[in-house]
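Residue-level listing of the chains:
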Amino acid sequence: MDRIAPARVLWITAEDHLPEHALAAAALGGFALQHAPGLPEAVEYLKRSRMDAAVACFPMPEWTPGEALEELQQAGSSVPLILWDTQAGLADAVRLIKLGAFDLLGDGAGPEEISNAVETAIDDRRNRPEAGENEDEPWRRKLVGSSGPFQDVVQMVRLVGSRRCTVLMSVSCSALPENLLEAELFGHVRGAFTGAINHRVGRFEQANGSTIFLDEIGDMPLELQAKLLRVLQEREFQRLGSSETIKVDVRVIAATNVDLLERVREGTFREDLYYRLNVVPMHMPALRERGGDVAALAQHFIRKICNLEGIPLKQISREALERLSSHSWPGNVRQLENAIERAIVLSGERSMLYPADFPLGGGIARRTPESAKALFVHVPDDGLDFDQTVGQIARSIIEQALRKTKGNKKMAADMLRLKRTTLAAKLRSLETDSADLTLVESDFLHSA
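Being a predicted model, the structure only gives us computed values, none of them experimental.

Trainee: Just give me the short version of the confidence of the model for the chain, but keep the residues and values in it.
Mentor: Taken over all residues, the pLDDT of the chain has a mean of 77, while the share at 70 or more is 79%. When mean pLDDT is taken per element in the chain, strand β1 (residues 8-12) scores highest with 91 and helix α18 (residues 434-446) scores lowest with 38. Here residues 129-135 is modelled with pLDDT under 50, and outside its nearest four sequence neighbours on either side it reaches 5 contacts, counting other chains as well. pLDDT under 50 marks residues 362-376. Its contacts with residues more than four places away, or in other chains, come to 18 contacts.

Trainee: Requested: an account of the sheet that holds strand β2 (residues 32-36), with residues and values cited.
Mentor: Judged by pairing direction, the sheet is parallel, and its 5 strands sit side by side in the order β2-β1-β3-β4-β5 without closing on themselves. In the strand order of this sheet, the two ends are held by β2 and β5 (103-105), each with one partner. Ignoring strand direction, the axes of neighbouring strands in this sheet form an average angle of 20 degrees. Helix-sheet contacts for helix α1 (residues 20-29) involve β1, β2 and β4 (81-85), and the interaxial angle to β2 is about 155 degrees. Seen against the sheet, helix α3 (residues 65-75) touches β1, β3 (53-58) and β4 and runs at an angle of roughly 160 degrees to β4.

Trainee: Give a detailed account of the packing of aromatic side chains, specifying residues and quantitative values.
Mentor: Enumeration over the complete set of coordinates arrives at 5 aromatic pairs. Aromatic pair Trp 11 and Trp 84: ring centres 6.3 Å apart, planes at 90 degrees, arrangement edge-to-face. Within this pair, whereas Trp 11 is found in strand β1, its partner Trp 84 is found in strand β4, the two being separated by 73 residues in sequence. Their ring planes at 50 degrees and their centres at 6.5 Å tell us that Phe 204 and Phe 237 sit as a pair that is tilted. With Phe 204 in helix α8 (residues 203-206) and Phe 237 in strand β8 (residues 236-238), this pair connects stretches of sequence that are 33 residues apart. You'll find Phe 204 and Phe 237 in the same group, each marked buried.

Trainee: Any chance you could break down the packing of helix α12 (residues 294-309) against helix α14 (residues 332-346) for me, citing the residues and the numbers?
Mentor: The geometry of α12 relative to α14 is characterised by a closest axis approach of 9 Å and an angle of 50 degrees between their N-to-C directions. The angle between the axes of α12 and α14 places the two elements in the oblique class. Crossing angle aside, the handedness with which α12 passes α14 is right-handed. Packed against α12, whose contacting residues are Val 294, Leu 297, Ala 298, Phe 301, Ile 302, Lys 304, Ile 305 and Cys 306, the element α14 presents Val 333, Leu 336, Glu 337, Ile 340, Glu 341 and Ile 344 at the interface. For the contact of α12 with α14, the per-class residue count stands at 11 nonpolar, no polar and 3 charged.

Parameters and conventions
- Residues numbered from 1 in each chain as written.
- Predicted model: local features only at pLDDT ≥ 70, side-chain atom pairs only at ≥ 80, totals over all residues.
- Heavy atoms only, no water.
- pLDDT = per-residue confidence, 0-100.
- Helix = DSSP H or I, 4+ residues; strand = E, 2+ residues; numbered from the N terminus.
- Contact = heavy atoms within 4.5 Å.
- Pairing = 2+ DSSP bridges.
- Axes fitted to C-alpha atoms, helices over the stretch in contact; angles between N-to-C directions.
- Phe/Tyr/Trp six-rings, centres within 6.5 Å; stacked < 30°, edge-to-face > 60°.
- Buried < 20%, exposed > 50% of the residue type's maximum accessible area, 1.4 Å probe, protein only.
- Parallel < 35°, antiparallel > 145°, perpendicular 65-115°, else oblique.
- Left-handed = near helix turned anticlockwise from the far one by under 90°.
- Nonpolar A, V, L, I, M, F, W, Y, C, P; charged D, E, K, R; others polar.

In structure tokens, the structure reads:
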């Protein structure tokens, strides 16, 4: 069996030897070090050798971090660059990351933090196509994961993909009221409804010759389903308030998190539309079915959130990744992203995320059909937070009732033998974790 070669990391210093912390980090991460005793030597290495990442240590005589970053980027534009500057402050870190540094390590960074930063950079490099590579698959860099079930989805996309469909327009079928959704999809003429003061071109017309993505298709009202069916079969539609027929050539990709056949049986989804959409079905495995992708997704969300917040890239410990990978994630990828965002916010200026930053409710046994009549709570040896646990139980019960009643709070209150005002008060009491509650209420309203 061929052995996988270790990743190659260029370590750039002003000295003629590798420091001990660099050797310790390499031993932890299992990567091979190449030393460049100065910036000119580093530039030459990047020009003639393939490197998976580079770490530049400052201070460096005659070079500021910004100047060095520019020189290194020109020599190896695709190599993720980590800067280590013991004198850099938060403003410096934000500026350098915006200029293209992958990460900036400050004073006090030890071998584990260095190793995690390098591993994150290497993973990012491997998930990011090289210039000129996979030019026919630009969509691949937007799909995070490498597990077997996920690769099945990627292969299916390759089989049914169309190179001419280079533009993707996205519309959520549950985010807008029915009349606004119709106007969003098909456009309208002036005066078509109250507030329609101007002519509007709809998404289908804008997407002519390309692709439109209809998210949460199961929530589309029946009246609009008939109009969508006409577009799929006849390639034509009329703007709201107009009798003019518009011809389009649009490829439709639809997604749902509900059982559309069940909706057909309930009479809330057209059977003919179901079969028209279900030409090439693709099942996206739930996160619990592809635990091997959790680490890559976690790193992806950390980069995304840190970039959005304009803060230095945070690292995540191996123990934290193991904790995340072992969780079942009933809320799927959205729940993972929310957990990452909460951990980043609550970690403050700390650069490393630890298991304690992810309170995933591990002390509560998940309910199964066999135990549907009872709720079991396991108290671990190291104890648990009583108030937090009771709050999680209350939230779980309220979530189930709201899902069963499709977000109807009065019906949910009746199901729980509560007054509606009491249920409303309990919901308000759960607002101590507003990020979670926002996601929960959104799920109530838009899922079966």
